[in-house]
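Below, each chain spelled out in residue letters.
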Amino acid sequence: MNICVYCASSLTIDAKYIDLAAQVGTELARRGHTLVSGGGSVSCMGAVTSAARAAGGRTIGVIPQVLVDMEVADEESDELVVTGGMRERKGVMDDRSDAFLVLPGGIGTLEELFEIWSARVLGIHDRPLVLLDPFGLYDPLKTLVERMYDEGFTRPDVFDAISWTSTVEEAFAHLEARTQPVRPSVAELGEASG
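If you're wondering where the values come from, they're calculated on a predicted model, not measured in any experiment. (Residues numbered from 1 in each chain as written. Predicted model: local features only at pLDDT ≥ 70, side-chain atom pairs only at ≥ 80, totals over all residues. Heavy atoms only, no water.)

A. Highlighting the pairing of strand S6 (residues 129-132). Side chains Leu129 and Leu131 project from S6 onto one buried face, and the interleaved Val130 and Leu132 project onto a second face that is buried too. Of the strand pairs in this sheet, strand S5 (residues 99-102) and S6 are connected by 3 bridges, and their pairing is parallel. Its bridge partner being in S6, Leu101 is matched across the sheet by Val130. Read as a crossover between parallel neighbours, the route from S5 over helix H5 (residues 107-121) to S6 is right-handed. Regarding topology, helix H6 (residues 139-150) serves as the crossover connection from S6 to the parallel strand S7 (residues 163-165), and that connection is right-handed. (Buried < 20%, exposed > 50% of the residue type's maximum accessible area, 1.4 Å probe, protein only. Helix = DSSP H or I, 4+ residues; strand = E, 2+ residues; numbered from the N terminus. Pairing = 2+ DSSP bridges. Right-handed = clockwise from strand over helix to strand, strands pointing away.)

See below:
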């Protein structure tokens, strides 16, 4: 299955976050999945893709032209999709993914998380959304969402739409237990036409 990983591109974060991204990339490939990422070559984005490829996995990077121009594109991706802007990038990542895994990140990662989370709560998609947070970075977010629920701003299913996990193994268990591919693979399409 194609698993979209949302993660950081910051160069100023602790190495433990980059190590976590590398563990995710290795495990993703070990389990036979394809990585869909933001197409960057730096920080956690670079770590998850490099580790996935090193473990024999396939990588699809989706990156806007402006970031290609800044020379941060993962040119070694098995498939690198260059988009006209950030909104198109998110749409392509969404369309190419069967499940979503969110690692610790900044406001860009939060934006991606909220968009895919909101769509799931609204019933626009039913693909798994898993948040992996072994270091508690998102604890205040979880508290905020609970408060929003208490105040009537969110539906009860806001909690059912996401799995909060703290280990790589737990994250993949949630992804795989709840995932049915939303589209046939390229190989399946080839077999069907042949």
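Structure shown, so let's carry the discussion forward.
B. Geometry of a nonpolar patch on the surface. On the surface, Leu144, Met148 and Phe153 cluster together to form a nonpolar patch covering roughly 320 Å² of accessible area. Following the sequence through the fold, Met148 ends up in helix H6. A relative accessible area of 30% means that Met148 is categorised as partly exposed. (Patch = residues over 30% accessible without salt bridge, like charges linked within 9 Å, V, L, I, M, F, W, Y side chains within 5 Å. Areas by Shrake-Rupley, 256 points an atom, 1.4 Å probe, with all protein chains shown as cover. Salt bridge = Lys/Arg side-chain N within 4 Å of Asp/Glu carboxyl O.)

C. Up close: unusual backbone geometry. Positive phi values are uncommon outside glycine, yet Ser43 reaches one of about 55°. Tracing the backbone through its elements, the reader meets Ser43 in helix H2 (residues 43-54). Even without a glycine there, the phi angle at Glu71 is positive, about 65°. Mapped onto the secondary structure, Glu71 falls in the loop between helix H3 (65-69) and strand S4 (79-83). With a relative accessible area of 72%, Glu71 lands in the exposed category.

D. Structural detail: the pattern of salt bridges. Summed over the entire model, instances satisfying the criterion amount to 10 salt bridges. The residue Arg31 makes a salt bridge to Glu27 at a minimum N-O spacing of 2.6 Å. On the basis of relative accessible area, Arg31 is assigned to the partly exposed category, the value being 27%. Glu27 gets classed as buried once you look at its relative accessible area, which sits at 12%. A salt bridge links Arg58 to Glu79, with the nearest nitrogen and oxygen atoms 3.3 Å apart. Within this pair, whereas Arg58 is found in strand S3 (residues 58-64), its partner Glu79 is found in strand S4, the two being separated by 21 residues in sequence.

E. Examining helix H4 (residues 86-95) more closely. All buried positions along H4 are accounted for by Arg89, Lys90, Val92 and Met93. Seen from one end, H4 has its buried residues packed into an arc of 165°, which puts them on one side. Those residues of H4 that are exposed and angled more than 90 degrees off the buried face are Arg87 and Asp95. (Arc of directions from axis to C-beta.)

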